[in-house]
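# An overview of the molecular structure
The residues making up each chain are set out below.
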Amino acid sequence: MRVSMGPWSKGLRSPGLWRRQRLLLGKEKKKMVQARDVEDAAARQKQIDDWLPITSARNAKWWYSAFHNVTAMVGAGVLSLPYAMSELGWGPGVAIMILSWIITLYTLWQMVEMHEMVPGKRFDRYHELGQHAFGEKLGLWIVVPQQLVVEVGVNIVYMVTGGKSLEKFHDVICPSCKTIKTSYWIMIFASSHFVLSHLPNFNAISGISLAAAVMSLSYSTIAWGAALHKGVEPNVDYSYKAKTNSGAVFNFFSGLGDVAFAYAGHNVVLEIQATIPSTPEKPSKGPMWKGVIVAYIVVALCYFPVSFVGYWVYGNKIEDNILISLDKPVWLIAIANMFVVVHVIGSYQVFAMGVFDMVETFLVKKMNFTPSFTLRFVTRTTYVAFTMIIGIAIPFFSGLLGFFGGFAFAPTTYFLPCIMWLSIYKPKRFSLSWCMNWVCCAGFASINFL
């Protein structure tokens with residue numbers, strides 16, 4: 001006797017229906033696995049972003065932007081600007097100083113605008129903007145090497161500058177004391193960074209950066225104020241130091257490199273802006289730009305008086321550091337050198353934070369290291385030791401500023417933002433934006449090539 005199971009019996013006897021059901025179940029299971037993988041990846045990405053120094057804190061105020069930019073921009077390079085003026089001469093020197101201030105303010109505005117040019121996305125790092133403009137691989141190769149040269153180069157220069165300023169302070173207040181080698185002073189200066197470099201992010205170093213910004217304005221004012229009080233040197237000479245045409249040309253481009261070094265803050269501007277909160281209603285470019293304007297006013301108050309007064313007083317006999325040319329009053333020179341020490345401590349941290357972010361991003365994303373205190377401790381301690389050793393081995397490293405200024409500082413500051421702007425926005429040919437950007441690109445690229 002055959003027992004009927006109704007409509008189910010037919011389904012059970014159908015191999016095709018079984019296959020379809022198994023296929024549907026398999027697809028649903030695959031979707032669940034993919035969704036779980038996406039959730040896991042998102043959770044890991046959030047864990048990494050919450051740990052990395054650039055993206056871990058986004059609650060900065062506009063005044064954080066102001067003193068971070070002052071600290072990054074007004075470095076010890078301001079003290080070499082009178083020397084750069086002696087290599088450039090009055091006419092070209094004044095023109096280049098003013099044009100550099102205007103053009104770098106313009107390119108900085110471009111970078112602030114491009115930070116959130118894609119709705120819902122923030123370019124938190126210079127190389128991320130480069131990847132958007134030039135492609136994933138090409139953008140990295142264009143931006144990262146130059147940015148690393150700038151940031152690591154600045155850190156080495158500041159390691160040497162900090163050590164020499166400590167040495168100068170010691171020699172001024174105690175001229176009869178036993179002379180201590182410069183290498184030991186560099187190690188003393190580096191000891192502070194072995195501690196401070198473990199602060200996690202930009203917001204954690206905001207107090208140090210504020211102190212550094214105040215110090216930069218202070219020692220710049222001391223430099224030009226003391227020079228102005230001293231008065232013009234007898235028989236001051238404003239002619240070029242070099243007696244041959246080739247020497248004058250070489251010195252001229254070295255002076256351009258010194259000026260470019262003084263405007264190196266663009267290399268960390270996107271990283272600074274990444275710390276500011278942003279919403280569609282209140283994007284980060286508003287408070288960031290307010291901070292930049294304040295910072296550039298301070299830059300003008302520091303750069304122009306030091307450059308022009310220092311050159312006016314000493315002419316072509318000016319030293320490569322104006323504080324060395326000043327010998328009286330002793331107590332004021334000692335204070336100025338200590339202000340320089342405090343400032344370069346803050347500047348070192350601002351530029352090092354970009355390097356830390358690059359290295360730590362590579363380790364946790366590419367090498368799959370687990371974000372941890374141990375990883376951060378080893379990475380940052382190694383980097384500080386590296387810059388210290390190079391500074392000790394090459395104490396004349398600051399003399400290479402002209403080379404670094406032309407090789408990497410000028411591109412990342414003067415014309416790389418313009419190239420990105422042209423590549424991304426594609427302004428109408430012969431429009432004001434098109435002309436301005438191409439003039440910056442062609443002019444400074446030719447100078448850099450020469």
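Read on for a plain summary of the structure. (Residues numbered from 1 in each chain as written. Predicted model: local features only at pLDDT ≥ 70, side-chain atom pairs only at ≥ 80, totals over all residues. Heavy atoms only, no water.)

### Re the overall build of the protein
When you go through the protein residue by residue, the secondary structure sums to 17 helices and zero strands. Taking all 450 residues of the protein together, the buried fraction comes to 50%. When contacts within the protein are restricted to residue pairs at least 6 apart in sequence, long-range pairs at least 24 apart make up 84% of them. For the protein, the exposed surface amounts to about 21,600 Å²; the carbon and sulfur share of it is 69%. (Helix = DSSP H or I, 4+ residues; strand = E, 2+ residues; numbered from the N terminus. Buried < 20%, exposed > 50% of the residue type's maximum accessible area, 1.4 Å probe, protein only. Contact = heavy atoms within 4.5 Å. Areas by Shrake-Rupley, 256 points an atom, 1.4 Å probe, with all protein chains shown as cover.)

### Structural notes on the state of the cysteines
Under the defined criterion, the tally for this structure stands at one disulfide. Between the sulfur of Cys-174 and that of Cys-177 lies a disulfide, 1.5 Å long from S to S. Note on the Cys-174 and Cys-177 pair: the S-S dihedral is about 65°, so by sign convention the disulfide is right-handed. According to the relative accessible area criterion, Cys-177 is partly exposed, its value standing at 34%. (Disulfide = S-S within 2.5 Å.)

### Some points on the nonpolar core
Formed by 110 residues in total, the largest nonpolar core has its most connected members in Val-259, Tyr-263, Tyr-303 and Met-420. Setting aside its immediate chain neighbours within four residues, Tyr-263 contacts Met-73, Met-97, Ser-100, Trp-101, Thr-104, Tyr-296, Val-299, Tyr-303, Thr-413 and Tyr-414. Trp-51, Leu-52, Leu-363 and Val-364 belong to the second-largest nonpolar core, a separate cluster that totals six residues. (Core = buried A, V, L, I, M, F, W, Y, C linked by side-chain atoms within 4.5 Å.)

### Topic: the layout of surface pockets
Roughly 700 Å³ of internal volume is contained in the second largest pocket. In this structure, the second largest pocket is lined by 23 residues; those nearest its centre are His-127, Glu-128, Gln-131, Leu-140 and Thr-361. Elements represented by at least two residues in the lining of the second largest pocket include exactly helix H2 (15–51), helix H6 (126–134), helix H7 (136–173) and helix H14 (330–366). Grouping the constituent residues of the lining of the second largest pocket by class yields seven nonpolar, six polar and 10 charged. (1 Å grid on protein atoms, 1.4 Å probe; cavity = no way out; pocket = protein on both sides within 12 Å on 5 of 7 lines; lining within 4 Å. Points joined across faces, edges and corners; volume = space filled by probe spheres on them. Nonpolar A, V, L, I, M, F, W, Y, C, P; charged D, E, K, R; others polar.)

### Quick notes on the packing of H14 against helix H15 (residues 373–393)
Between H14 and H15, whose axes approach to 10 Å, the crossing angle comes to 130°. As the angle between them shows, H14 and H15 are arranged oblique. For H14 against H15, the interelement crossing comes out right-handed. Counting all contacts with H14, which are made through Tyr-348, Ala-352, Met-353, Val-355, Phe-356, Val-359, Glu-360, Leu-363 and Val-364, the residues of H15 involved are Leu-375, Arg-376, Thr-379, Arg-380, Tyr-383, Val-384 and Thr-387. Taken together, the residues of the contact of H14 with H15 break down into 11 nonpolar, two polar and three charged. (Axes fitted to C-alpha atoms, helices over the stretch in contact; angles between N-to-C directions. Parallel < 35°, antiparallel > 145°, perpendicular 65-115°, else oblique. Left-handed = near helix turned anticlockwise from the far one by under 90°.)

### Remarks on the pattern of salt bridges
Tallying each qualifying case throughout the model produces eight salt bridges. With its nearest N and O atoms 3.4 Å apart, the salt bridge here joins Lys-230 to Glu-233. On the basis of relative accessible area, Lys-230 is assigned to the partly exposed category, the value being 40%. Overlapping salt bridges, with partners in common, bring together Arg-125, Glu-128 and Asp-357 in one network. (Salt bridge = Lys/Arg side-chain N within 4 Å of Asp/Glu carboxyl O.)

### So, a nonpolar patch on the surface
Together, Trp-90, Leu-228, Val-232 and Trp-312 give the surface a local cluster of nonpolar side chains, amounting to about 340 Å² of exposed area. Here Val-232 is to be found in the loop between helix H9 (206–230) and helix H10 (245–262). (Patch = residues over 30% accessible without salt bridge, like charges linked within 9 Å, V, L, I, M, F, W, Y side chains within 5 Å.)

### Focus on the environment of Leu-422
Looking at the secondary structure, you find Leu-422 in helix H16 (residues 401–425). Here the alpha-carbon distance between Leu-422 and Ser-433, two residues 11 residues apart in the chain, equals 8.7 Å. Leaving out residues up to four positions away in the same chain, Leu-422 has contacts with Pro-427, Trp-434, Asn-437, Trp-438 and Cys-441.

### Some details on helix H12 (residues 285–314)
Here H12 spans 42 Å end to end across 30 residues, near enough to the 44 Å set by a 1.5 Å rise per residue. Downstream of H12 by one or two residues, Gly-315 has phi in the positive range, about 65°. (Expected span 1.5 Å × (residues − 1).)

### Points about empty space enclosed by the protein
In the structure shown here, the tally under the stated rule is one cavity of 30 Å³ or more. Taken as a whole, the largest cavity holds about 40 Å³ of empty space. At the level of secondary structure, the elements contributing two or more residues to the lining of the largest cavity comprise helix H3 (62–73), H7 and H10. In the lining of the largest cavity, the residues fall into nine nonpolar, two polar and no charged.

### So, the packing of helix H8 (residues 182–196) against H14
At their nearest, the axes of H8 and H14 sit 11 Å apart, and the two run at 40° to each other. Accordingly, the angle class assigned to the pair H8 and H14 is oblique. Along this stretch, H8 crosses H14, giving a crossing that reads as right-handed. Two secondary-structure elements touch here, H8 through Phe-189, Ser-192, His-193 and Leu-196 and H14 through Val-341, Val-344, Ile-345, Tyr-348 and Gln-349. Grouping the amino acids of the contact of H8 with H14 by side-chain chemistry returns six nonpolar, three polar and no charged.

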